[in-house]
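If you want the building blocks of each chain, they are given just below.
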Amino acid sequence: MSLKSNARSRPALLYLSISDGLDARTNKEAATLARDFDVDYVGVSTGDTPPFFADKIRRVVMITGRSRSPMTLCKLGWQLLCLRLRNRYHSIHVVNEDLYLLFLPLLLGRPGV
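Residues numbered from 1 in each chain as written. Predicted model: local features only at pLDDT ≥ 70, side-chain atom pairs only at ≥ 80, totals over all residues. Heavy atoms only, no water.

A. Looking closely at the environment of Ile57. Mapped onto the elements of the fold, Ile57 is located in the loop between strand S2 (38-45) and strand S3 (59-64). Given the relative accessible area of 10%, Ile57 is considered buried. Linking Ile57 and Leu33, residues 24 residues apart in sequence, is a C-alpha distance of 8.9 Å. (Helix = DSSP H or I, 4+ residues; strand = E, 2+ residues; numbered from the N terminus. Buried < 20%, exposed > 50% of the residue type's maximum accessible area, 1.4 Å probe, protein only.)

This is how it looks when you write it as structure tokens:
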């Protein structure tokens, strides 16, 4: 006789944004997604303030820098690549359209983008 765990494994979701997570839209959306997914949030911040929803999601990765700086975008792309290689995401949620187009080569081949 084997014992099975009643704990249901939730699918993982990567939430990618140029925002620092302090605005109401991002806060509400990430908190809502966290009800059904294990959310990994990757954002850009100029300070040390964590997003309001940090306690509701699995992982927060904040890139320090200005949101439109080429160096910051390179760091963001590197984090995206590293997380994609280490995790199997059910879906990748990209908030900003220009960010989606910039990182499209790194996002190809995954369902739910």
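B. Just the packing of aromatic side chains, in detail. If you walk through the whole model with that rule in mind, you get two aromatic pairs. Ring centres of Tyr41 and Phe53 lie 5.0 Å apart, and the angle between their planes is 75 degrees; on these two criteria the pair is classed as edge-to-face. Residue Tyr41 is located in strand S2, and its partner Phe53 is located in the loop between S2 and S3; the two are separated by 12 residues in the primary sequence. Residue Phe53 is classed as buried on the basis of its relative accessible area, which comes to 0%. (Phe/Tyr/Trp six-rings, centres within 6.5 Å; stacked < 30°, edge-to-face > 60°.)

C. Expanded view of the sheet that holds S2. In spatial order, the strands read S3-S2-S1-S4; together these four strands make up an open sheet with parallel pairing. Edge positions in the open sheet fall to S3 and strand S4 (91-94), since each of these has one partner strand only. Going from strand to strand, the sheet's axes swing by 15 degrees on average, the running direction of each strand aside. Sheet analysis places strand S1 (residues 12-16) next to S2, joined by five bridges and oriented parallel. Along S2, the bridge assignment pairs Leu14 with Asp40. Where helix H1 (residues 24-33) meets the sheet, its contacts fall on S1, S2 and S4, and the angle it forms with S1 comes to roughly 170 degrees. Contacts from helix H2 (residues 70-86) reach S1, S2, S3 and S4, with the element oriented near 155 degrees to S3. (Pairing = 2+ DSSP bridges. Axes fitted to C-alpha atoms, helices over the stretch in contact; angles between N-to-C directions. Contact = heavy atoms within 4.5 Å.)

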